[in-house]
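# Remarks on the overall topology
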Amino acid sequence: MTSPSLTVLGNPGHRRVTLFAAAARAAGLPEPAVLPWADVLRGTYRIAPGTVLRIESPGEDEEVDRLLRGPALGAHYAPTRVEGGAAWYTGLTAALAGVARAVGRAPGARLLGDPDEIAVMFDKRRAHRRLADAGVPVPRALDGPAPGGWAELKERLAAAGLRRVFLKPAHGSSASGVVALQFGPRGQLLATTSVEAADDGLHNSLRVRGYRDEREIAAVVDRLAPDGLHVEQWVPKAAQHGRAADLRVVVVAGRATHVVVRTSGHPMTNLHLGGARGETGPAREAAGPAWPRLLETAERAAACFPRSPMAGVDVLPTAAWRRGLVGEVNAFGDLLPGLTGLPGGPAEGLDTYGAQLAALLPHLDPAPPTGAAR
């Protein structure tokens with residue numbers, strides 16, 4: 001059987017690409033070719049017959065980010081800017097649609113991942129509705145259209161009786177622009193976020209800070225609102241060693257294969273914002289008989305995207321670890337270096353990329369060993 005002709009749509013040299021290539025070599029496959037995101041966005045690429053194309057994240061590359069956002073930020077562009085998410089989303093979905101057409105025109109070529117499902121996962125409002133409609137437990141969301149700014153948001157939250165919420169840019173990732181907002185009993189306000197407000201706009205920072213002045217909070221929300229906001233209830237999460245904890249569950253081919261506990265001393269558990277990997281064993285013990293249900297919740301969320309071979313699902317365990325709500329489903333949520341699969345599961349001993357290859361290879365027809373893209 002001839003090895004499949006694997007190609008990765010990604011950013012050359014990025015750790016996502018190199019880790020997948022290492023997994024391919026470990027599986028006895030040739031080094032995957034790389035189709036640069038920059039070439040796709042410029043239209044300078046082709047898909048060769050027999051290509052099996054894996055879609056990787058376009059993130060962490062300034063040139064690609066600039067091409068995706070287009071002229072949205074003008075002279076004030078900076079890779080740290082939070083605004084421009086709607087333009088970025090338009091660029092991403094248009095590029096993926098073009099790639100799908102190119103794959104469709106190449107005999108024997110196939111695409112790993114579905115552009116339409118990726119588009120839903122990168123729209124938090126649509127993803128939340130899809131999960132809720134399927135009966136997957138999710139936090140309560142603010143009904144109606146996205147709020148147009150602080151004044152409207154404040155009024156609608158009061159009417160809904162919501163005093164602790166997360167404000168999430170509809171098309172953001174990696175906690176970019178996320179604000180954990182809470183109203184105190186005597187009118188106090190606290191907005192916890194990694195957003196840093198500057199004269200030229202909002203910037204991502206690695207330092208999480210708290211805003212208490214309503215004028216400052218209003219200025220941040222008013223700048224976030226034009227790109228679209230998803231507003232959902234802030235649900236108290238389980239704790240580990242006194243730190244808030246949640247789970248990133250990687251689901252491959254319908255099975256929960258990898259779990260990492262993420263803990264933090266502030267509301268955002270993202271590792272790049274000071275979050276840390278917790279301990280899976282104690283979390284499993286704390287959950288007891290509910291642990292399989294937490295994993296099943298992640299699998300049910302991933303099942304809402306049946307044409308996606310992998311999904312990273314953020315499960316928010318309630319305070320007693322007995323129930324979980326799904327916070328997000330991530331199209332590229334498998335970057336967990338050094339993490340091997342759950343003991344006794346289908347990916348035991350494999351990293352997230354090895355697990356995906358193991359699930360993929362038995363279902364591939366022979367493909368000619370041709371250069372796939374350039």
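This one's a predicted model, so the numbers in the text were calculated from it and none came from an experiment. (Residues numbered from 1 in each chain as written. Predicted model: local features only at pLDDT ≥ 70, side-chain atom pairs only at ≥ 80, totals over all residues. Heavy atoms only, no water.)

### Overview of the packing of aromatic side chains
- In total, this model carries 5 aromatic pairs according to the counting rule given.
- With 6.3 Å between their ring centres and 80° between their planes, Phe20 and Tyr353 make a pair best called edge-to-face. A residue pair is termed long-range when its members are at least 10 positions apart, and Phe20 in helix α1 (residues 15–26) and Tyr353 in helix α11 (residues 352–360) qualify at 333 residues. The two residues Phe20 and Tyr353 agree in class, both being buried.
- Centre to centre, the rings of Phe122 and Phe332 are 5.9 Å apart; their planes meet at 45°, and the pair counts as tilted. Of this pair, Phe122 sits in the loop between α5 (115–121) and α6 (124–133) while Phe332 sits in the loop between β15 (324–330) and α11, and the two are 210 residues apart along the sequence. (Phe/Tyr/Trp six-rings, centres within 6.5 Å; stacked < 30°, edge-to-face > 60°. Helix = DSSP H or I, 4+ residues; strand = E, 2+ residues; numbered from the N terminus. Buried < 20%, exposed > 50% of the residue type's maximum accessible area, 1.4 Å probe, protein only.)

### Describing the packing of helix α3 (residues 62–69) against helix α4 (residues 85–105)
- Put simply, α3 and α4 touch, their axes get as near as 7 Å, and they point 95° apart. With respect to α4, the axis of α3 lies roughly perpendicular. From α3, Asp65, Leu68 and Arg69 reach across to α4, where they touch Ala87, Trp88, Gly91 and Leu92.
- Taken together, the residues of the contact of α3 with α4 break down into 4 nonpolar, 1 polar and 2 charged. (Axes fitted to C-alpha atoms, helices over the stretch in contact; angles between N-to-C directions. Parallel < 35°, antiparallel > 145°, perpendicular 65-115°, else oblique. Contact = heavy atoms within 4.5 Å. Nonpolar A, V, L, I, M, F, W, Y, C, P; charged D, E, K, R; others polar.)

### Observations regarding the side chain of Asp65
- Turning to its location among the elements, Asp65 is positioned in helix α3.
- Setting aside anything within four residues of it in sequence, one finds Asp65 in contact with Tyr77, Pro79 and Trp88.

### Observations concerning the pattern of salt bridges
- Tallied over the entire structure, the rule returns 24 salt bridges.
- The partner of Arg69 in a salt bridge is Asp65, with the nearest N and O atoms 3.0 Å apart. Of the two residues, Arg69 and Asp65 are both situated in helix α3; the distance of 4 residues between them amounts to about one turn of the helix.
- Residue classification places Arg69 among the buried residues on the basis of a relative accessible area of 7%.
- Taking relative accessible area as the criterion, Asp65 reaches 15% and is therefore assigned buried. (Salt bridge = Lys/Arg side-chain N within 4 Å of Asp/Glu carboxyl O.)

### Side note on the packing of α1 against α11
- Contact geometry of α1 with α11 gives a least axis separation of 8 Å together with a crossing angle of 50°. Relative to α11, α1 is oriented oblique. Along this stretch, α1 crosses α11, giving a crossing that reads as right-handed. Seen from α1, the contacting residues are Arg16, Leu19, Phe20, Ala23 and Ala24; seen from α11, they are Tyr353, Gly354 and Leu357.
- In the contact of α1 with α11, the residues fall into 6 nonpolar, 1 polar and 1 charged. (Left-handed = near helix turned anticlockwise from the far one by under 90°.)

### As for the nonpolar core
- Counting 56 residues, the largest nonpolar core has Leu9, Leu131, Leu247, Val249, Val313 and Val329 as the members making the most contacts within it.
- Considering each element in turn, this core owes the most residues, 8 residues, to α4.
- Excluding anything up to four places from it in sequence, Leu131 contacts Val136, Val138, Ala301, Cys304, Phe305, Val326 and Val329.
- Of all hydrophobic cores here, the second largest spans 24 residues; its members include Val82, Trp150, Ala191 and Leu202. (Core = buried A, V, L, I, M, F, W, Y, C linked by side-chain atoms within 4.5 Å.)

### Quick notes on the confidence of the model for the protein chain
- Chain-level statistics for the protein chain give a pLDDT mean of 93 and a share of 96% at 70 or above.
- Low pLDDT, under 50, characterises residues 366–374; the predicted model gives this stretch 27 contacts beyond four residues in sequence or across chains. (pLDDT = per-residue confidence, 0-100.)

### Here we look at empty space enclosed by the protein
- Throughout the structure, instances matching the rule amount to 1 cavity of 30 Å³ or more.
- One number sums up the size of the largest cavity: a volume of about 110 Å³.
- If you go around the largest cavity, you meet 13 residues; those closest to its centre are Lys124, Ala127, Gly327, Glu328 and Val329.
- Elements that contribute at least two residues to the lining of the largest cavity include exactly α6, β9 (229–233) and β15.
- Per-class residue counts for the lining of the largest cavity are 6 nonpolar, 3 polar and 4 charged. (1 Å grid on protein atoms, 1.4 Å probe; cavity = no way out; pocket = protein on both sides within 12 Å on 5 of 7 lines; lining within 4 Å. Points joined across faces, edges and corners; volume = space filled by probe spheres on them.)

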